[in-house]
Number of protein chains: 2
Amino acid sequence: MTDRFVFELLGAMAYGELSAFERLSSDARFSPTLQDRAALGRMAVAEFRHFELVSDRLADLGHDAEAAMRPFQVSVDAFHDRTRPADWYESIMKAYVIDTISADFYSAVSQFLDAPTRDLVAEIQDPEESSVLQARLRGMVRDDPRLASRLALWGRRLVGEALTQAQRLSLEGGFLPEGVASFQGPLMAELTKNHSRRMSQLGLTA
Amino acid sequence: MTDRFVFELLGAMAYGELSAFERLSSDARFSPTLQDRAALGRMAVAEFRHFELVSDRLADLGHDAEAAMRPFQVSVDAFHDRTRPADWYESIMKAYVIDTISADFYSAVSQFLDAPTRDLVAEIQDPEESSVLQARLRGMVRDDPRLASRLALWGRRLVGEALTQAQRLSLEGGFLPEGVASFQGPLMAELTKNHSRRMSQLGLTA
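Each chain has its residues counted from 1, running along the sequence as written. Here the convention is simple: chains get letters from A, ligands get numbers from 1, in the order in which they are written. Local features in a predicted model are, by the rule used here, given only for residues with pLDDT of at least 70; side-chain atom pairs are given and counted only at 80 or more, and totals for whole chains, interfaces and linings are based on all residues. The side-chain figures draw on all heavy atoms in the structure; neither hydrogens nor water molecules are used.

Undergrad: Go over the pattern of salt bridges with me, naming the residues and quoting the values.
TA: Pairing is possible between side chains of opposite charge, provided their charged atoms come close. For salt bridges, the criterion is a side-chain nitrogen of Lys or Arg within 4 Å of an Asp or Glu carboxyl oxygen. Enumeration according to the criterion identifies 27 salt bridges over all chains in this entry. For glutamate 22 of chain B, the salt bridge identified is with arginine 37 of chain A, shortest N-O distance 2.8 Å. With glutamate 22 of chain B in helix H1 (residues 3-27) and arginine 37 of chain A in helix H2 (residues 34-60), the pair connects residues from two separate chains. The same class applies to glutamate 22 of chain B and to arginine 37 of chain A, which are both buried. Between arginine 23 of chain B and aspartate 81 of chain B there is a salt bridge, with its nearest N and O atoms 3.5 Å apart. Of this pair, arginine 23 of chain B sits in helix H1 while aspartate 81 of chain B sits in helix H3 (residues 65-82), placing them 58 residues apart in sequence. Helical segments are the DSSP runs of H or I of at least four residues, strand segments are the runs of E of at least two, and each set is numbered from the N terminus. Partly exposed residues are those whose accessible area sits between 20% and 50% of the maximum for their type, while under 20% is buried and over 50% is exposed, using a 1.4 Å probe and protein chains only.

Undergrad: Go over the nonpolar core, please, and point to the residues and values.
TA: Residue types Ala, Val, Leu, Ile, Met, Phe, Trp, Tyr and Cys, when buried and joined through side-chain atoms within 4.5 Å, form a set referred to as a nonpolar core. Judged by nonpolar contacts, the single largest core of 133 residues is most densely connected at Met93, Leu151 and Leu204 of chain A together with Met93, Leu151 and Leu204 of chain B. If one sorts the elements of this core by residue count, helix H1 (residues 3-27) of chain A sits on top with 12 residues. Any two residues whose heavy atoms approach within 4.5 Å at even a single point are treated as in contact. Ignoring any residue separated from it by four or fewer positions in sequence, one finds methionine 93 of chain B in contact with Leu137, Leu151, Trp154, Gly155, Leu158, Met199 and Leu204 of chain B.

Undergrad: So what's going on with the interface of chain B and chain A? Which residues, and what values?
TA: With 27 residues of chain B at the interface, the matching set in chain A holds 27 residues. Put simply, chain B and chain A have four salt bridges between them. A 3.5 Å cut-off defines polar contacts: any pair of N or O atoms within that distance qualifies, except that in protein one atom must be a possible hydrogen donor and the other a possible acceptor, and neighbouring residues in sequence count only when both atoms are side-chain atoms. Taken together, the connections running from chain B to chain A amount to 11 residue pairs in polar contact (both at pLDDT 80 or more). The element best represented in the side of chain B that touches chain A is helix H2 (residues 34-60) of chain B, accounting for 11 residues. Three categories are distinguished: nonpolar for Ala, Val, Leu, Ile, Met, Phe, Trp, Tyr, Cys and Pro, charged for Asp, Glu, Lys and Arg, and polar for the others, with Gly belonging to the last. Split by residue class, the side of chain B that touches chain A holds 11 nonpolar, seven polar and nine charged.

Undergrad: Can you break down the side chain of serine 19 of chain A residue by residue, with the values?
TA: Here serine 19 of chain A lies in helix H1. Note on serine 19 of chain A: relative accessible area 1%, which makes it buried. If sequence neighbours within four positions are ignored, serine 19 of chain A has contacts with Val76 and His80 of chain A together with Arg37 of chain B.

Undergrad: Outline the packing of H1 of chain B against H2 of chain B, listing residues and values.
TA: Think of two packed helices as two axes; the pair is described by the angle between the axes and how far apart they sit. Residue and element names in this part refer to chain B. Interaxial distance between H1 and H2 falls to 8 Å at its minimum, and their mutual angle equals 160°. As judged from the angle between their axes, H1 and H2 are roughly antiparallel. Taken as a pair, H1 and H2 cross one another with a handedness that is left-handed. In contact with Phe7, Leu10, Gly11, Met13, Ala14, Glu17, Leu18, Ala20, Phe21, Leu24, Ser25 and Asp27 of H1, H2 contributes Leu40, Met43, Ala44, Val45, Glu47, Phe48, His50, Phe51, Val54, Arg57 and Leu58. Only the contacting stretch of a helix is used when fitting its axis, a line to C-alpha atoms as for every element, and angles between N-to-C directions run 0 to 180 degrees. Between 65 and 115 degrees an angle is taken as roughly perpendicular, under 35 as roughly parallel, over 145 as roughly antiparallel, and anywhere else as oblique. Left-handed describes a crossing whose near helix is turned anticlockwise from the far helix through less than a right angle; right-handed describes the clockwise counterpart.

Undergrad: Explain the relation of the copies chain B and chain A to me, and be specific about the residues and the numbers.
TA: C-alpha atoms of residues with pLDDT of at least 70 in both copies form the basis for the least-squares superposition of the copies. Overlaying chain B with chain A gives an RMSD of 0.0 Å, the required rotation being 180° about an axis along which the chain moves by 0.0 Å. The two molecules are tied by a two-fold rotation axis, judged by turn and shift. When C-alpha positions in chain B are compared against the rotation axis, the closest is assigned to serine 26 of chain B, at 2.5 Å. Comparing interface residues between copies, 100% of those in chain B also sit at the interface in chain A, which points to an isologous, same-surface contact.

Undergrad: Please set out the packing of aromatic side chains residue by residue, giving values where relevant.
TA: A pair of Phe, Tyr and Trp rings is counted when the ring centres sit within 6.5 Å of each other, with Trp represented by its six-membered ring. The angle between the planes then sorts it: under 30 degrees is stacked, over 60 is edge-to-face, the rest tilted. Applying the stated criterion to the full structure yields 10 aromatic pairs over all chains. Taken together, a centroid distance of 5.7 Å and an interplanar angle of 80° make the contact between tryptophan 88 of chain A and tyrosine 89 of chain A edge-to-face. Given the relative accessible area of 29%, tyrosine 89 of chain A is considered partly exposed. Site record: aromatic cluster; members linked through ring pairs are Phe21, Phe48 and Phe51 of chain A together with Phe21, Phe48 and Phe51 of chain B.

Undergrad: Before we move on, can you summarise the environment of threonine 33 of chain A with the specific residues and values?
TA: Residue and element names in this part refer to chain A. Within the element layout of this structure, threonine 33 appears in the loop between H1 and H2. For threonine 33, a relative accessible area of 32% puts it in the partly exposed group. Sequence separation between threonine 33 and phenylalanine 72 is 39 residues; the distance between their C-alpha atoms is 34 Å. A polar side-chain atom of threonine 33 sits 3.0 Å from the main-chain amide nitrogen of aspartate 36.

Undergrad: I'd like a rundown of the environment of aspartate 99 of chain B, residues and numbers included.
TA: Looking at the secondary structure, you find aspartate 99 of chain B in helix H4 (residues 88-109). Residues in contact with aspartate 99 of chain B, not counting those within four places in the same chain, are Glu47, Glu129, Ser130 and Leu133 of chain B.

Undergrad: Give me the lowdown on the packing of H1 of chain A against helix H4 (residues 88-109) of chain A, citing residues and values where you can.
TA: All names here are of chain A. It is at 11 Å that the axes of H1 and H4 come closest, and there the two elements cross at 165°. The angle between H1 and H4 falls in the class roughly antiparallel. Here H1 runs over H4; the crossing is left-handed. Between H1 and H4, the residues in contact are Leu9, Ala12, Met13, Leu24 and Asp27 and Trp88, Ser91, Ala95, Tyr106 and Val109, respectively.

This is the structure:
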């Protein structure tokens, strides 16, 4: 597959991880307990480690990480501005939705990648983090029905924004190589279906 | 030395590191370049690692980290609210001033600590981080005289707040053991003198 595709994919991932790190760690301040703050902080630190792995891979390929990230900065920032959590519960939900949709997205595009890049993409997925978030969300929703309806609404907003984002990155950004643009429709359907399944598992109507 | 003293010192350090992590990583967003954002992020991650080391030490001593941190939460948060940087330059300056004053403060109180706690305090000092910050500040001040006068003013504000904070932590918080309260005056004088020397080294009038 084209080098340019890998360059753009890694650029989007790197910037995504760097901004996830910054957003998660600033959201951490609003955690209900110090233990929750520490837990969110640990997740943020994991995102930063991912950012470093992706940057290192770009450097290994002879690319400048900054140049690779720059094209994605405006749209990723705008995404975060449009999905600013109102409190800690919404932060946790946002982290969970983005984590799982990104994991699905990156694992779907992995088939177009060279083996080392595919390994890297696999390495930075964090199923343990998703399980921790899922368990925390389940507990919240079980304990507070009013929170459940608010989070269901928030989940719908997030998935809409996340899919728009994935589409923009992959189409407008020339993200997917020419031949696989037809891959786009079924991928979006798949991402939506998986998200709905996860929301049901939380006891939320997606 | 009393166990309570160690408990309180570690609690203050732990909360200080956790909040430094959160503040630094949220400030990172305002960095002029992506490289600067990554650099600030790396520093934030180092603070989080310190937080974990201190929490682990509290756990080893049979203490609950959350209980140890809680008494310092209000005053540390208030300190950060009073010293909210207006931009990236002020963030860097704040990180430098706090890093160096805390290092001086903790190394001065180290003499009252048991050996393992003293080792921990030494381990979480980060002279490399301070040098990076110092070099960056020197460059900024050299390049822009208007920035220099703004940072000089900001430095004075920061040191005032930081010393008030150190004093509050150590006196009101019962931070220093009874016998060494007389240690307070000379310590503050020492912290001030060292800060002034560092400001002069940057080409700023303290």
